[in-house]
Each structure stands twice: as structure tokens, then as C-alpha cells.
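# Secondary and tertiary structure notes
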Amino acid sequence: KWMKDILPPQVDIVGTHPLFGPQTGKHGIEGLNIAVSNIRGKRLPCVSAFLREKLKLQVLKTTPHEHDEEVAYVQGLTHLLMKVVVALDLPKFRFKTKTYEYLEQMVEMIRYDSEELFRAIERENPFSAKAKQRFFAAARDLEEKLRRN
């Protein structure tokens, strides 16, 4: 059920999605992104001002549709990729590139997220299935190219 279907019609609703988690925000949230969507009512300017002025967040106004479409890739692919890397159970390597160090940082930011969060990201977003299909198709295509060459 959606909030707008549950709450009385006189209740204003502004959807918010902090685009960071505990690991990203553990040293402070100033400057981090938050998505906001006006679902019903006139409170969006007030909520946005509070988030921007008091919490010092970067406020990104969007619609629920635009939000879900983008985060299917931004969150969905990120979490999917990092879960695969975690599952590899790689040892600590000595010979690292800077890019690999970034990958390690990404893994550590997601490694301890709950399974419930991962399932919600991958199953609840209506655009996640398409993003996963595209990802796995691209991986299969790349595997086939490597096999041929």
C-alpha cells in the first residue's frame, strides 16, 4: 500500500530518500544527496528548505517515477555488483591499483547492509527487474566476446 492510499486526504505527504546510508554518513551528512517528491499537499518547499538549510543536504526534487527509474541502476546495480564481489570472498591483495582500492571501499560500504535492504532494493523497485536483465545480458555478451577472441 502507498502512503497516499492509507493516510487521510488532508495529510500532506513529501516522500524523501536519503541517498546515503550509515557507512556513507558516519562522519556527517553535510553535502550528501537526498531525493524529495511532493506526493500530496504544499509542504515540499518547507521540507526542502529544512533539508537544505538546517541539515545542509543537496536536495534533488523528483517524481516517484523518475526516482525509482534512476535508483534501479544507482542502488540496484551498485548493491548487486558489490554482493557479487563480497560472495567471491577475495583475500587481501598487496598489488592494488587505485581503481581496485575504490572497489574495496565500495564493498565495505555495502558489505554489512541487511539482506532485507538488499531484497527491498532488488525486488520492490518496479524498474529493478529491467536493470538486472540489462546487466546480466551485458555480462553474458561480454563473456561471449571473451570466449570468441
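Check the entry above for the structure.
Fair warning: this is a prediction, and the values are worked out from it, not measured in the lab. (Residues numbered from 1 in each chain as written. Predicted model: local features only at pLDDT ≥ 70, side-chain atom pairs only at ≥ 80, totals over all residues. Heavy atoms only, no water.)

### What about the packing of helix H4 (residues 76–88) against helix H6 (residues 115–123)?
At their nearest, the axes of H4 and H6 sit 9 Å apart, and the two run at 130° to each other. In terms of axis orientation, H4 runs oblique to H6. The element H4 and its partner H6 pack so that their crossing is left-handed. Between H4 and H6, the contacting residues are Gly-76, His-79, Leu-80 and Lys-83 on the first element and Glu-115, Leu-117, Phe-118, Ile-121 and Glu-122 on the second. Looking at the contact of H4 with H6 residue by residue, the class counts come to 4 nonpolar, 2 polar and 3 charged. (Axes fitted to C-alpha atoms, helices over the stretch in contact; angles between N-to-C directions. Helix = DSSP H or I, 4+ residues; strand = E, 2+ residues; numbered from the N terminus. Parallel < 35°, antiparallel > 145°, perpendicular 65-115°, else oblique. Left-handed = near helix turned anticlockwise from the far one by under 90°. Contact = heavy atoms within 4.5 Å. Nonpolar A, V, L, I, M, F, W, Y, C, P; charged D, E, K, R; others polar.)

### Re unusual backbone geometry
Across residues other than glycine, the phi torsion is negative in most instances, and most of the peptide bonds are trans. Residue Lys-56 is not a glycine yet carries a positive backbone phi of 60°. Secondary-structure assignment places Lys-56 in the loop between helix H2 (44–54) and strand E3 (58–61). For Lys-56, a relative accessible area of 42% gives the class partly exposed. For Asp-89, which is not a glycine, the phi torsion comes out positive at approximately 50°. Inspection of the secondary structure puts Asp-89 in the loop between H4 and helix H5 (98–110). For Asp-89, a relative accessible area of 65% gives the class exposed. (Buried < 20%, exposed > 50% of the residue type's maximum accessible area, 1.4 Å probe, protein only.)

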